[in-house]
Amino acid sequence: MATGTEPHLNSGQDPGGVRAATRAAISAAHLRTDRWWLAPAATAAGLFAFIVYSTWRAFANADYYAAPYVSPFYSPCLAENCEPMRSGPNWEIFGSWWGLSPALLILIFPLGFRLTCYYYRKAYYRGFWASPPACAVAEPHKKYSGETRFPLILQNIHRYFFYAAVPVAGILTYDTVLSFRDEHYEWGHMGLGTLVFLVNITLIWAYTLSCHSCRHIVGGKLKHFSKHPVRYRMWQWVGKLNARHMLLAWASLVSVALADFYVYLIASGAFDDPRLF
């Protein structure tokens, strides 16, 4: 007796996906009636906005330093064509032959860390590739190979990007300490930019340490937590951060863009940094 769920009897080629011959014969691609598309659409819009902004700022090669602030997009500065920053992270590893923006030399590490992040992978897979677009909504692709083929197999180097992201966060922490100077490099001062930098570095560290790789490094491969009480406490602490990994991913993404934009406003002369003391 027909039940309406028998496999499709295709006379031609199997269309694959939700219309595959082995799938239930349900006419609808999914049975969700809510606005399930809002979440992936908002995710795609947010990520696209950051991509556009960061690309513009990375290639601009201008307005990224206004004493005592340096844009997190350009720190550390690794080329000779960097603006001189007194006591700042000027490491002229690349000589005069490098004529492009110095931001392109350092952004590969924090961006690589975020690009391979477990949460961001979920976000842009759903937002840009509809793989899948939402829970209980099948993806439109006929085939699925996961992250077993090039280029997605490169996602497996996420842990190594974590190793690179930690020293970058340390350098941005140093930049935040330097922000307690004034424009004449005198210590003991604090501006609105200092607060912007403090919020940004706090969120960057929280996002970095909430990483799944960090949680595994801290508490992974332990058979008995009772024999490793320090690592167990650290694993619990990182686990609490990990539970908020998505929130921290977005908050730190916004904060690093705002920190860069704040430096841009000051360096371009569009805004004067208010001094708190």
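These figures come from a predicted structure and were not determined experimentally.

### What about the environment of Leu105?
Argument step 1. With respect to the element layout, Leu105 can be found in helix α2 (residues 103-106).
Argument step 2. Residue Leu105 is classed as buried on the basis of its relative accessible area of 11%.
Argument step 3. Between the C-alpha atoms of Leu105 and Ala79, which are 26 residues apart in sequence, the distance is 8.3 Å.
Argument step 4. If sequence neighbours within four positions are ignored, Leu105 has contacts with Leu78, Ala79, Phe94 and Trp98.

### Let's talk about a nonpolar patch on the surface
Argument step 1. A grouping of Phe150, Ile153, Leu154, Ile157, Tyr160, Tyr163 and Ile217 is seen on the molecular surface, where their side chains present a nonpolar patch of about 720 Å² in accessible area.
Argument step 2. Within the secondary structure layout, Tyr163 lies in helix α5 (residues 158-178).

### Regarding the side chain of Arg121
Argument step 1. Structurally, Arg121 is set in helix α4 (residues 118-129).
Argument step 2. Here the side chain of Arg121 touches Glu147 through a polar contact of 2.7 Å, side chain to side chain.
Argument step 3. Among the polar contacts listed, one links the side chain of Arg121 to the backbone oxygen of Gln155, at a separation of 3.4 Å.
Argument step 4. Among all residues touching Arg121, those that are not within four sequence positions of it are Leu115, Thr116, Glu147, Gln155 and His158.

### Regarding the side chain of Asn242
Argument step 1. Within the fold, Asn242 resides in helix α8 (residues 229-242).
Argument step 2. Residue Asn242 is classed as buried on the basis of its relative accessible area, which comes to 15%.
Argument step 3. A polar side-chain atom of Asn242 sits 2.9 Å from the main-chain carbonyl oxygen of Ser210.
Argument step 4. Residues contacting Asn242, with those up to four places away along its chain left out, are Ser210, Cys211, His212 and Arg215.

### Brief notes about the nonpolar core
Argument step 1. In terms of nonpolar packing, the biggest core is built from 46 residues, with Phe73, Phe113, Tyr120 and Tyr207 touching the most fellow members.
Argument step 2. Those residues within four positions of Phe113 in sequence are excluded, and the remaining contacts are His158, Phe161, Phe162, Ala165, Tyr207, Thr208 and Cys211.
Argument step 3. Membership of the second largest hydrophobic core comes to six residues, among which are Ala66, Tyr69, Tyr262 and Val263.

### Let's talk about the UniProt feature "transmembrane region" (unreviewed entry) in the chain
Argument step 1. Those places that UniProt annotates as "transmembrane region" (unreviewed entry) correspond, in this numbering, to residues 36-56, 97-120, 160-181, 187-207 and 247-267.
Argument step 2. The span residues 36-56 is 90% helix and 0% strand, and its two end C-alpha atoms sit 32 Å from each other.

### Examining the state of the cysteines
Argument step 1. Tallied over the full model, the rule gives one disulfide.
Argument step 2. Disulfide pairing places Cys77 opposite Cys82 at an S-S distance of 2.0 Å. The S-S bond linking Cys77 to Cys82 shows a torsion near -95 degrees; that makes this disulfide left-handed.
Argument step 3. Overall, the relative accessible area of 1% leaves Cys77 in the buried class.
Argument step 4. We note that Cys214 lacks a disulfide partner, and the nearest cysteine sulfur, in Cys211, lies 6.6 Å from it.

### Brief notes about the packing of α5 against helix α7 (residues 212-219)
Argument step 1. Relative orientation of the contacting elements α5 and α7 amounts to 85 degrees, with a least axis distance of 9 Å. One finds that α5 runs roughly perpendicular with respect to α7. Packed against α5, whose contacting residues are His158, Arg159, Phe162 and Tyr163, the element α7 presents Ser213, Cys214, His216 and Ile217 at the interface.
Argument step 2. Each residue belonging to the contact of α5 with α7 can be placed in one class, and the counts come to four nonpolar, three polar and one charged.

### Concerning the pattern of salt bridges
Argument step 1. With the rule as written, the count across this model stands at five salt bridges.
Argument step 2. Where Asp34 meets Arg32, a salt bridge forms, and the shortest distance between an N and an O atom there is 2.7 Å.
Argument step 3. On the accessibility criterion, Arg32 (27% relative accessible area) is partly exposed.
Argument step 4. For Arg121, the salt bridge is made with Glu147, and the minimal N-O distance between the two is 2.7 Å.

### What about the packing of aromatic side chains?
Argument step 1. Per the counting criterion, the structure on display carries 25 aromatic pairs.
Argument step 2. Among the aromatic residues, ring-to-ring pairing joins Phe113, Tyr119, Tyr120, Tyr160, Phe162, Tyr163 and Tyr207 into one connected group.
Argument step 3. The ring of Trp56 carries the charged tip of Arg57 above its face, separated from the ring centre by 5.7 Å.
Argument step 4. Between Arg181 and the ring centre of Trp187, over which it is positioned, the NZ or CZ distance is 5.8 Å.

The rules behind each value
- Residues numbered from 1 in each chain as written.
- Predicted model: local features only at pLDDT ≥ 70, side-chain atom pairs only at ≥ 80, totals over all residues.
- Heavy atoms only, no water.
- Helix = DSSP H or I, 4+ residues; strand = E, 2+ residues; numbered from the N terminus.
- Buried < 20%, exposed > 50% of the residue type's maximum accessible area, 1.4 Å probe, protein only.
- Contact = heavy atoms within 4.5 Å.
- Patch = residues over 30% accessible without salt bridge, like charges linked within 9 Å, V, L, I, M, F, W, Y side chains within 5 Å.
- Areas by Shrake-Rupley, 256 points an atom, 1.4 Å probe, with all protein chains shown as cover.
- Salt bridge = Lys/Arg side-chain N within 4 Å of Asp/Glu carboxyl O.
- Polar contact = N/O pair within 3.5 Å; in protein donor to acceptor, adjacent residues only side chain to side chain.
- Core = buried A, V, L, I, M, F, W, Y, C linked by side-chain atoms within 4.5 Å.
- UniProt positions renumbered as here; feature names shortened; annotations may be inferred.
- Disulfide = S-S within 2.5 Å.
- Axes fitted to C-alpha atoms, helices over the stretch in contact; angles between N-to-C directions.
- Parallel < 35°, antiparallel > 145°, perpendicular 65-115°, else oblique.
- Nonpolar A, V, L, I, M, F, W, Y, C, P; charged D, E, K, R; others polar.
- Phe/Tyr/Trp six-rings, centres within 6.5 Å; stacked < 30°, edge-to-face > 60°.
- Lys NZ or Arg CZ within 6 Å of the ring centre and 35° of its normal.

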